[in-house]
Amino acid sequence: MFQVHPLPAGSFAHLYSMSDEDLAARNVQVHLSDGAFPCRVSLADAAEGERVFLLNFEHQSGDTPYRSRHAVFVKDGAVEDHPLPGSVPACIASRFLSVRAFDKTHEMVDADVIEGSDVQDLIATFFADPKVDYLHLHYARRGCFAAKVTRPVG
């Protein structure tokens, strides 16, 4: 079993009331979705015409050589979605993914690429290794962070 986690909405709420000029001054791009902008908070593709922010986000903060930042999309006013344990949101399952397995010290212990529709089996394989503490899913073509995956607590 596993749990896919959204990025916390509170990390981006300050953006929703900012002007386009203030956003640009902070290197945040504003786009209108064509229906294929995967929001990392709602874990869904933003609907066509929805306003989305493209910004740099530190998704791997562990103090290791794997510390990492990359671009993420967040739709304006996004609300967190918490998928059911063992489920993969469509915006992730519909794309080619890079899956990276990390231990408790934030060192990468394994990685692979896979079609999102097949990712559940790879997640199970990685979590079968007791060294693996959590996974990061990335959209493989552009390299952007998609979501964190953990074993559910309890």
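Below you will find a few notes about this structure. (Residues numbered from 1 in each chain as written. Predicted model: local features only at pLDDT ≥ 70, side-chain atom pairs only at ≥ 80, totals over all residues. Heavy atoms only, no water.)

1. A few points about the sheet that holds strand β8 (residues 108-115)
Step number 1: As summarised here, the arrangement of the five strands in space is β1-β10-β9-β7-β8, forming an open sheet in which the pairing is antiparallel. Pairing within the sheet leaves two strands with one partner each, and these edge strands are β1 (3-5) and β8. Ignoring which end each strand starts from, the neighbouring axes of this sheet average 25° apart.
Step number 2: Of the strand pairs in this sheet, strand β7 (residues 96-102) and strand β9 (residues 134-139) are connected by six bridges, and their pairing is antiparallel. Counted as the bridge partner of Val-99 is Leu-137 from β9. (Pairing = 2+ DSSP bridges. Helix = DSSP H or I, 4+ residues; strand = E, 2+ residues; numbered from the N terminus. Axes fitted to C-alpha atoms, helices over the stretch in contact; angles between N-to-C directions.)

2. Notes on the nonpolar core
Step number 1: Counting 23 residues, the largest nonpolar core has Ile-92, Val-99, Val-119, Leu-135 and Val-149 as its most contacted members.
Step number 2: When contributions to this core are tallied by element, the ones reaching two or more residues are α2 (90-93), β7, α3 (119-127), β9 and β10 (144-150).
Step number 3: Element by element, the count of residues in this core is highest for α3, at five residues.
Step number 4: Phe-53, Leu-55, Phe-57 and Val-72 belong to the second largest nonpolar core, which has 16 residues in total. (Core = buried A, V, L, I, M, F, W, Y, C linked by side-chain atoms within 4.5 Å. Buried < 20%, exposed > 50% of the residue type's maximum accessible area, 1.4 Å probe, protein only.)

3. Details of the side chain of Arg-95
Step number 1: Mapped onto the elements of the fold, Arg-95 is located in the loop between α2 and β7.
Step number 2: A residue is classified by how much of its surface remains accessible, and Arg-95, at 18% relative accessible area, is buried.
Step number 3: A polar contact of 3.3 Å, which involves the side chain of Arg-95, links it to the backbone oxygen of Ala-36.
Step number 4: Excluding its chain neighbours within four sequence positions, the residues that come into contact with Arg-95 are Ala-36, Pro-38, Asp-45, Ile-114, Glu-115, Gly-116 and Tyr-139. (Polar contact = N/O pair within 3.5 Å; in protein donor to acceptor, adjacent residues only side chain to side chain. Contact = heavy atoms within 4.5 Å.)

4. Concerning the side chain of Gln-3
Step number 1: Relative to the helices and strands, Gln-3 resides in strand β1.
Step number 2: Side-chain polar atoms of Gln-3 contact the backbone oxygen of Pro-83, separated by 2.7 Å.

5. As for the pattern of salt bridges
Step number 1: Scanning the model with the defined rule gives seven salt bridges in all.
Step number 2: Linking Arg-51 and Asp-76 is a salt bridge whose minimum nitrogen-to-oxygen distance equals 2.9 Å. You can see Arg-51 sitting in strand β5 (residues 51-60) and its partner Asp-76 sitting in the loop between β6 (68-75) and α2, a full 25 residues away along the chain.
Step number 3: Arg-51 gets classed as partly exposed once you look at its relative accessible area, which sits at 22%.
Step number 4: Assessed through its relative accessible area of 27%, Asp-76 is described here as partly exposed.
Step number 5: Asp-129 is the salt-bridge partner of Lys-131, the closest N and O atoms lying 3.9 Å from each other. (Salt bridge = Lys/Arg side-chain N within 4 Å of Asp/Glu carboxyl O.)

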